[in-house]
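Structure assessment
Each chain, written out:
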Amino acid sequence: MSDNAVASASTSASEHDALAELTAPVPEVGDGGPEMVQLLTPEGQRVESTEYDHYVQDLTDDDLRGFYRDLVLIRRVDAEATALQRQGELGIWASLLGQEAAQVGSGRALRPQDYAFPTYREHGVAWCRGVNPLNLLGLFRGVNHGGWDPNEKNFHLYTIVIGAQTLHATGYAMGIQRDGDVGTGDKDRDAAVIAYFGDGASAQGDVNEAFVYAAVNNAPVVFFCQNNQWAISEPNERQTRIPLYQRARGFGFPGVRVDGNDVLAVYAVTQQALNAARSGNGPTFIEAYTYRMGAHTTSDDPTKYRVSAEVEVWKHRDPIERLKSYLVHQKKADQDFFDALDKEADELAATVREGCLSMPDPTGESMFDHVYVEPHPLVEQERREFVDYHAGFATEGEH
Amino acid sequence: MSTMTIAKGINNGLRVAMEKDSRVVLMGEDIGKLGGVFRVTDGLQKDFGEDRVIDTPLAEAGIVGTAIGMALRGYRPVVEIQFDGFIYPAFDHIVSQVAKMRARSLGKVKLPMVIRIPVGGGIGAVEHHSESNEAYFAHTAGLKVVCCSNAEDAYWMIQQAIETDDPVLFYEPKRRYWDKAEVDETAAPRELFKAQVCREGTDATLVAYGPMVKTCLQAAEAAAGEGKNLEVIDLRSLSPLDMDVIAASVEKTGRMVVVHEASTFLGLGAEVAAEVQQRCFYHLEAPVLRVGGYNLPYPPSKLEEEFLPDLDRVLDAVDRSLAY
Ligand SMILES: Cc1ncc(C[n+]2csc(CCOP(=O)(O)OP(=O)(O)O)c2C)c(N)n1
Ligand SMILES: [Mg+2]
């Protein structure tokens with residue numbers, strides 16, 4: 001993750017930046033191009049698609065409101081976490097603001113037996129997998145490295161080392177393949193893996209090796225790249241010369257670009273890819289074209305490297321507003337629904353806040369736990385030394 | 001004379017090196033417009049251009065691998081690894097290629113490159129952002145490894161590292177980046193690969209480098225209040241190791257405590273201790289003691305204060321040494 005360790009530029013520097021921004025030409029902001037799969041326009045109009053319509057046609061109004069609820073609740077959790085960081089309760093927070101649809105659309109396409117390998121920003125996917133948001137906060141608060149059991153939710157720990165999890169996902173998928181849990185036609189058995197990563201990560205050797213491994217093994221893995229246009233301060237052009245989804249072809253499997261702010265399109269495209277994987281047709285690369293609306297993390301200062309005009313353009317593509325327009329215009333949700341959801345979001349935020357504030361600090365001795373499966377003499381020796389050393393302070397205090 | 005932070009010292013040092021030699025090129029993630037996540041390269045792309053301050057793709061093996069090629073072509077690349085924990089994708093290039101190139105080519109090629117790494121903990125970060133991995137590289141023949149502890153050394157050592165014809169890993173104590181000191185840009189710098197006695201004393205020797213130098217100086221100050229007179233040595237160079245300065249000190253004090261953030265097992269302290277017992281056997285009044293991180297994966301940040309050596313743990317070791 002990371003992290004900008006220093007957010008605040010000096011006054012004169014930020015004044016200078018502000019001036020530079022006024023005179024800078026408004027950058028060209030990509031719209032994903034004609035190849036991008038979209039089922040809902042930014043205004044919330046339903047777009048027909050012969051290829052993808054059938055993945056969403058069975059969705060009930062309840063399902064659609066469920067998607068909306070996910071988007072709203074996870075955005076609320078994210079905002080609360082950002083606030084908690086500002087108040088010193090978290091060391092750092094990596095916001096998913098703007099990427100909710102990419103995460104909820106793909107997360108909701110997963111079946112219980114599928115397995116997800118996240119980066120550090122997949123709070124929306126974690127939500128869909130049933131991971132308690134407080135577990136995510138624990139990592140950013142510094143009480144643990146991720147407090148959930150990956151195998152309980154089929155949601156691996158957050159991976160901060162960029163790209164590494166794509167190889168783990170591929171290997172996991174190779175395991176599924178060897179277990180024979182692919183292509184049986186049993187929809188409760190056939191399984192797939194989804195690997196999340198960013199546009200920046202696409203440059204890592206690990207990610208490209210994962211593509212090779214997945215391809216030659218025909219592994220049941222979906223590579224889900226959230227292209228949020230930025231890798232900290234570096235724009236797409238620093239990582240690639242062609243649209244990312246086009247890379248897949250060179251590795252020998254299909255690539256598709258989807259409007260990452262359109263939860264329906266993401267759901268449809270991910271269903272298709274997961275189905276292919278589960279039925280033995282191998283990997284797919286999905287590029288979810290989206291935008292990081294906030295800073296890279298709470299330690300970052302994006303005014304150093306991008307202009308607000310770009311952010312403004314993306315505001316009009318907001319994933320939540322577009323689904324809301326659709327629900328309202330199609331009379332699939334009424335005001336009572338939205339009001340009740342607002343209330344639910346506030347209550348959830350309050351629970352998250354309370355849970356964060358009352359999260360116990362780990363005891364010092366706990367760092368000696370879980371380093372190995374079997375006992376290790378040096379760890380045990382140092383554990384004793386640690387305990388004795390601190391006991392010494394306690395007795396000193398008694399005198 | 002000017003007052004500057006360690007970060008600014010390195011920034012100024014890089015600037016001087018780039019002005020002096022047009023073949024000095026900076027490479028790394030987010031080092032251009034952003035000036036690096038710690039702002040160490042702030043303003044350099046603006047002044048030297050995108051050809052000399054390169055925002056690389058997000059791939060550390062790529063950064064070091066291409067820097068090797070640039071160096072083969074006669075450039076002097078200075079690469080930034082964003083955090084200590086992200087050097088590992090480049091480990092293969094550093095250990096198999098950078099370190100061995102001189103010997104493999106029978107002295108026909110050289111790799112005058114610098115790999116800058118913010119190192120260590122104490123900043124409340126999430127995992128992989130607080131590692132002390134210097135021993136891996138100091139263990140590798142063919143690499144030189146240095147670590148600055150103050151602004152003055154930061155300013156000079158980065159320039160000297162760039163001027164060195166061998167590859168240098170340049171460690172920067174990230175939790176001390178904002179510590180300020182006076183820097184005399186006109187004075188003659190100390191030699192790069194030499195240790196420095198930064199406080200003289202007679203009762204015991206504290207040996208440290210990077211972030212722990214300040215901790216040891218504070219410990220020495222506290223000990224002075226109790227009538228204990230500690231000598232503090234800043235190693236500055238981890239490979240080569242300047243054993244003469246250490247041995248001279250131990251011959252005077254008879255006692256030594258080595259302090260580093262890194263885990264003690266097979267760390268720099270182990271090497272220093274082994275050398276000292278060979279060189280100073282008859283001068284030692286007590287076994288050499290080590291204070292370091294525990295031999296564990298770096299813990300979540302709520303526990304880092306208990307994991308890392310601090311003033312109390314240093315003084316505890318000093319007391320044990322003196323009581324021996
Ligand atoms: C191997 C490695 N190198 C560098 C970093 C520091 N870092 C953290 S996030 C990041 C940018 C990631 O960009 P992207 O893959 O686009 O994901 P995003 O943060 O935009 O979600 C960098 C360079 C890291 N975590 N791991
Ligand atoms: Mg990105």
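Residues numbered from 1 in each chain as written. Chains lettered and ligands numbered in written order. Predicted model: local features only at pLDDT ≥ 70, side-chain atom pairs only at ≥ 80, totals over all residues. Heavy atoms only, no water.

Considering the overall build of chain B
So the rule is basically this: Where helices and strands are cited, they refer to DSSP runs of H or I of at least four residues and of E of at least two residues respectively, numbered from the N terminus. For this measure, only C-alpha atoms enter the radius of gyration; the expected value for a globule follows 2.2 Å times N^0.38, where N is the number of residues. Burial status follows relative accessibility: with a 1.4 Å probe on protein chains alone, a residue under 20% of its type maximum counts as buried, one over 50% as exposed, and anything between as partly exposed. Surface accessibility in these figures is a Shrake-Rupley result with a 1.4 Å probe; residues are shielded only by whichever protein chains are displayed. For the purpose of counting charges, residues Lys and Arg are taken to be positive, whereas Asp and Glu are taken to be negative. His and the chain ends are not included. Note on charges: their place is set at NZ of Lys, CZ of Arg, CG of Asp or CD of Glu.
On a plain count of helices and strands, chain B comes out with 12 helices and 14 strands. Compactness check: chain B gives a C-alpha radius of gyration of 19 Å against a globular reference of 20 Å for 324 residues, within 12% of the reference. If one aligns the C-alpha atoms of chain B with their principal axes, the spans along those axes are about 60 × 40 × 40 Å. Across the 324 residues that make up chain B, the buried fraction comes to 59%. Within the structure as shown, chain B displays about 12200 Å² of accessible surface, and the carbon and sulfur contribution to it stands at 50%. Each charge class in chain B was averaged separately, 34 positive and 47 negative side chains, and the resulting centres sit 5 Å apart.

Here we look at the interface of chain A and chain B
Quick reminder of the rule: Whether two residues are in contact is decided by their heavy atoms: any pair within 4.5 Å suffices. Put simply, buried area is how much 1.4 Å-probe accessible surface two parts lose in total, over both of them, once they are put together. In what follows, salt bridge is the name for a side-chain nitrogen of Lys or Arg lying within 4 Å of a carboxyl oxygen of Asp or Glu. Polar here means any residue other than Ala, Val, Leu, Ile, Met, Phe, Trp, Tyr, Cys and Pro, which are nonpolar, and Asp, Glu, Lys and Arg, which are charged; Gly is therefore polar.
Contacts between the two partners involve 50 residues from chain A, matched on the other side by 45 residues from chain B. Of the roughly 3700 Å² buried where chain A meets chain B, counting both sides, 61% is carbon and sulfur surface. Inspection of the region where chain A meets chain B yields two salt bridges. Residue Asp42(B) is joined to Lys304(A) by a salt bridge in which the shortest nitrogen-to-oxygen separation is 3.3 Å. Put simply, the parts of the chain that give the side of chain A that touches chain B at least two residues each are helix H6 (133–141) and helix H15 (377–398) of chain A. Looking at the side of chain A that touches chain B, its residues break down into 26 nonpolar, 15 polar and nine charged.

Overview of the confidence of the model for chain B
Applicable threshold: Residue-level confidence of the predictor is summarised by pLDDT, bounded by 0 at the bottom and 100 at the top.
The predicted model of chain B averages 98 in pLDDT, with 100% of residues at 70 or higher. What the predictor reports for the complex is a pTM of 0.96 with an ipTM of 0.97.

Considerations on the coordination of the magnesium ion (ligand 2)
In an ideal octahedron of six donors the angles at the metal are 90 or 180 degrees, and in an ideal tetrahedron of four donors they are 109.5 degrees. Residue and element names in this part refer to chain A. Applicable threshold: Here a donor is an N, O or S atom found within 2.8 Å of the metal, or within 3.2 Å if the metal is Na, K or Ca; sites may look incomplete because water is not among the atoms.
Those donors, Asp199 (OD), Asn228 (OD1) and Trp230 (O), are the protein atoms that reach the magnesium ion (ligand 2), and they lie 2.1 to 2.2 Å from it. All donor residues of the magnesium ion (ligand 2) come from one chain, and their arrangement in sequence is D-x28-N-x1-W. Of this pair, aspartate 199 sits in the loop between strand S2 (193–198) and helix H9 (205–217) while tryptophan 230 sits in strand S4 (residues 230–231); the two residues are 31 residues apart in sequence, bridging distant segments of the chain.

Some thoughts on the pairing of S2(A)
Residues and elements named next belong to chain A. Put simply, the test is: Strands were regarded as paired on the criterion that DSSP finds at least two bridges between them.
Most of S2 sits out of view: five of its six residues are buried. Bridge count for S2 against strand S3 (residues 221–227) is six bridges, and the pairing is parallel. Note on S3: the bridge partner recorded for phenylalanine 197 is cysteine 225.

Let's talk about the domain arrangement of chain A
For clarity, the cut-off: Where each domain starts and ends comes from a domain assignment, either automatic or drawn from a database.
For chain A, the assigned domains read domain 1 (26–357) and domain 2 (365–398). The C-alpha centroid of domain 2 of chain A is placed 41 Å from the C-alpha centroid of domain 1 of chain A.

Some details on the domain arrangement of chain B
All names here are of chain B. Domain assignment breaks chain B into domain 1 (2–183) and domain 2 (196–322). The interface of domain 1 with domain 2 comprises 26 residues on the first partner and 22 residues on the second. Roughly 1800 Å² is buried in total at the junction of domain 1 and domain 2, and carbon and sulfur atoms are behind 50% of that figure. Of all residues in domain 1, the largest losses of buried area upon contact with domain 2 belong to Glu134, Cys147 and Arg176, amounting jointly to 25% of the total for that side. In this assembly, domain 1 and domain 2 are joined by three salt bridges. One salt bridge in this structure joins arginine 236 and aspartate 153, with 2.8 Å as the shortest N-O distance.

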